[in-house]
Each structure stands twice: as C-alpha cells, then as structure tokens.
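# Observations on the three-dimensional arrangement
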Amino acid sequence: MINRVEKLSLLSEMIAFAKYDKDIKSIEYNFLLGVAKQLDICREDFEYLLEHPINYIHLKSHSERIVQFHRLVLLMNIDHEHASSKVIKLYNFGLRMGLSHESISKVLYLMESFPNKIVPPDVLIDIFKTQYN
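Before going into details, it helps to say that this report is about the structure given with it. (Residues numbered from 1 in each chain as written. Predicted model: local features only at pLDDT ≥ 70, side-chain atom pairs only at ≥ 80, totals over all residues. Heavy atoms only, no water.)

To continue, consider the packing of helix α1 (residues 4–18) against helix α3 (residues 43–51). Across the interface, α1 lies against α3 with an axial gap of 10 Å and an inter-helix angle of 50 degrees. Relative to α3, the element α1 is oriented oblique. In this structure, the crossing between α1 and α3 has a hand that is right-handed. Each of R4, L8, L11, S12 and I15 in α1 lies in contact with α3, whose residues at this interface are D45, F46, L49 and L50. (Axes fitted to C-alpha atoms, helices over the stretch in contact; angles between N-to-C directions. Helix = DSSP H or I, 4+ residues; strand = E, 2+ residues; numbered from the N terminus. Parallel < 35°, antiparallel > 145°, perpendicular 65-115°, else oblique. Left-handed = near helix turned anticlockwise from the far one by under 90°. Contact = heavy atoms within 4.5 Å.)

So, in structure tokens, the structure goes:
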C-alpha cells in the first residue's frame, strides 16, 4: 500500500501531465479530482497541488507503477486529442517509472486498436506481466 506522500506525488505527476498542453480542460480536471478521491486526497489538497507541484517519488511496487501508467493512458485519451507530443511525454513518464520499454511501446501501439484508445486493465496487466517474467 502506498503512503500519503506517494499518493500526492502520483496526483502531482498526473496534474503535470495534464498541464503539458498548457491548460487543464474541465474533463481532465474532473478525472483528476476523481483520482484524488480514489486516493483519499481531499479537494483542498488537490487544489493546492494544481499550483504547487511536489517532487516525483519513485514507487517501489511494480504493480502500483503499472496502475499509475494506466491512469496516465486514461488521462491522455480522455479529451480525445491525440498529439504525438503527449504520446512521447507518456512514454517518458513510463520509462521514468521504471517500466520496460517493450511494454510501454506495446501499450501505445495496441491503444490505437481499442475504442476511444482506452486499453482495458486486463490487457495492460497482461502486457506488463509478459515483459516482467
């Protein structure tokens, strides 16, 4: 289980990803707020993170890193705008998290074949399991 500081770091990372193309759209804001609630982060702390990002903390758990990567994939595709710069940014986030190059590439490739480019969690987990073993 991840601690509060790690949760704040995950959320801050997602906010930074959403801000990559300057403004956070309302659909992205609502998604991020939902993730904050899921992580038991109050709205006040979420709002604070919007203006005051915290440093990235590397998660020790491989499964938590996969879950975070999946959140970022969902966030990237939520507004249905698919700039190649966002894909590159997502790829780099995945590498920084310590995920395998092959798994990240496969997820990004397969993403194109799913409705709304949303990779189902079970498919994503299978991709990372295959590379991890």
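This part is about unusual backbone geometry. A positive phi is found at N116, a non-glycine position, where the angle reads about 60 degrees. Counting through the fold element by element, N116 comes out in the loop between α6 (101–111) and α7 (121–132).

On to helix α4 (residues 62–77), then. An α-helical segment advances 3.6 residues per turn. Residues three or four places apart therefore align on the same side. In this model α4 runs 23 Å from its N-terminal to its C-terminal C-alpha over 16 residues, within 8% of the 22 Å that 1.5 Å per residue would give. In terms of burial, α4 is largely enclosed, as 12 of its 16 residues are buried. Restricting attention to buried positions, one finds in α4 the residues H62, R65, I66, Q68, F69, H70, R71, L72, V73, L75, M76 and N77. (Expected span 1.5 Å × (residues − 1). Buried < 20%, exposed > 50% of the residue type's maximum accessible area, 1.4 Å probe, protein only.)

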